[in-house]
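Single-letter residue listing:
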Amino acid sequence: MSEACGHHHADAPPGAADVARAMQDADRRLTAEGERMTPSRLRVLELLLAAGEPVKAYDLIARFGEDGQPAKPPTVYRALEFLERKGLAHRIASISAYVACTSGAIDHAAAFLICDCCGATAEVSAPVAGDLARAAEVAGYAIARTTIEAHGRCPACR
């Protein structure tokens, strides 16, 4: 990934109202499932949503405290694990970062298009997920979660 692109990207992070709405939706969904959104989980989800792009765990740790104080790493990692398990966040392994889920689906295969120039990332539907699930079933394998990562160049960088 390049340090800086020689062109402008029009994508802006979501506004405060969008972040607040997504957090309320997540809290309602988890409450209906009998789960609890702790303050730590809410803060990590807020940071992911507000970023509007993948964020490394250590950046979340640094930004966690509203008074400028970083969080203890286990606090953030436990919250990330919970959010990922509940389908509210995804880990993008190839760039060692986390991103808020934008699909709205509780249980789905996540697919990401990742720009190797500017780092822009888009969550898209995974067209091969059904085929993979059928192949796993035939093999007697139970898939817990699927994340597909495709690297290339976004429209602005092409």
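**Q** Can you explain the side chain of R43? Please cite residues and give values.
**A** Looking at where R43 falls in the secondary structure, it is placed in helix α2 (residues 39–51). Ignoring anything within four residues of it in the chain, the contact list for R43 reads R63, F64, G65 and E66.

**Q** Any chance you could break down the packing of aromatic side chains for me, citing the residues and the numbers?
**A** Under the defined criterion, the tally for this structure stands at one aromatic pair. Taking the centre distance of 6.2 Å and the plane angle of 70° together, the rings of Y58 and Y77 count as edge-to-face. Highlighted residues: Y58 in helix α3 (residues 57–63) and Y77 in helix α4 (residues 73–85), separated in sequence by 19 residues. Residue Y58 is classed as exposed on the basis of its relative accessible area of 55%. One Lys or Arg, R41, reaches over the ring of F82 and ends 3.5 Å from the middle of that ring.

**Q** Talk me through the packing of α2 against α4; I want residue IDs and the actual numbers.
**A** Following both chains from N to C, one finds α2 and α4 inclined at 75°, their axes separated by 9 Å at the closest point. With respect to their mutual orientation, α2 and α4 come out roughly perpendicular. Facing S40, R41, V44, L45 and L48 of α2, the residues of α4 in contact are T75, V76, A79, L80, F82 and L83. Here the residues of the contact of α2 with α4 sort into eight nonpolar, two polar and one charged.

**Q** So, the packing of helix α1 (residues 16–32) against α2: which residues are in play, and what are the values?
**A** Taken N-terminus to C-terminus, the directions of α1 and α2 make an angle of 140°; their axes are 10 Å apart at the nearest point. One finds that α1 runs oblique with respect to α2. Here the hand of the crossing between α1 and α2 comes out right-handed. Contacts from V19, A22, M23 and A26 of α1 reach α2 at L42, L45, E46, L49 and A50. Residues belonging to the contact of α1 with α2 are distributed by class as follows: eight nonpolar, no polar and one charged.

**Q** An account of the environment of A126 is requested, with residue identities and associated values reported.
**A** You can see A126 is positioned in the loop between β4 (121–125) and α5 (129–138). Overall, A126 belongs to the buried group, its relative accessible area being 14%. Taking C-alpha positions, A126 is 31 Å from P74, a pair spaced 52 residues apart along the chain. Once residues within four sequence positions are removed from consideration, A126 is found in contact with A109, A111 and I148.

About the criteria used
- Residues numbered from 1 in each chain as written.
- Predicted model: local features only at pLDDT ≥ 70, side-chain atom pairs only at ≥ 80, totals over all residues.
- Heavy atoms only, no water.
- Helix = DSSP H or I, 4+ residues; strand = E, 2+ residues; numbered from the N terminus.
- Contact = heavy atoms within 4.5 Å.
- Phe/Tyr/Trp six-rings, centres within 6.5 Å; stacked < 30°, edge-to-face > 60°.
- Buried < 20%, exposed > 50% of the residue type's maximum accessible area, 1.4 Å probe, protein only.
- Lys NZ or Arg CZ within 6 Å of the ring centre and 35° of its normal.
- Axes fitted to C-alpha atoms, helices over the stretch in contact; angles between N-to-C directions.
- Parallel < 35°, antiparallel > 145°, perpendicular 65-115°, else oblique.
- Nonpolar A, V, L, I, M, F, W, Y, C, P; charged D, E, K, R; others polar.
- Left-handed = near helix turned anticlockwise from the far one by under 90°.

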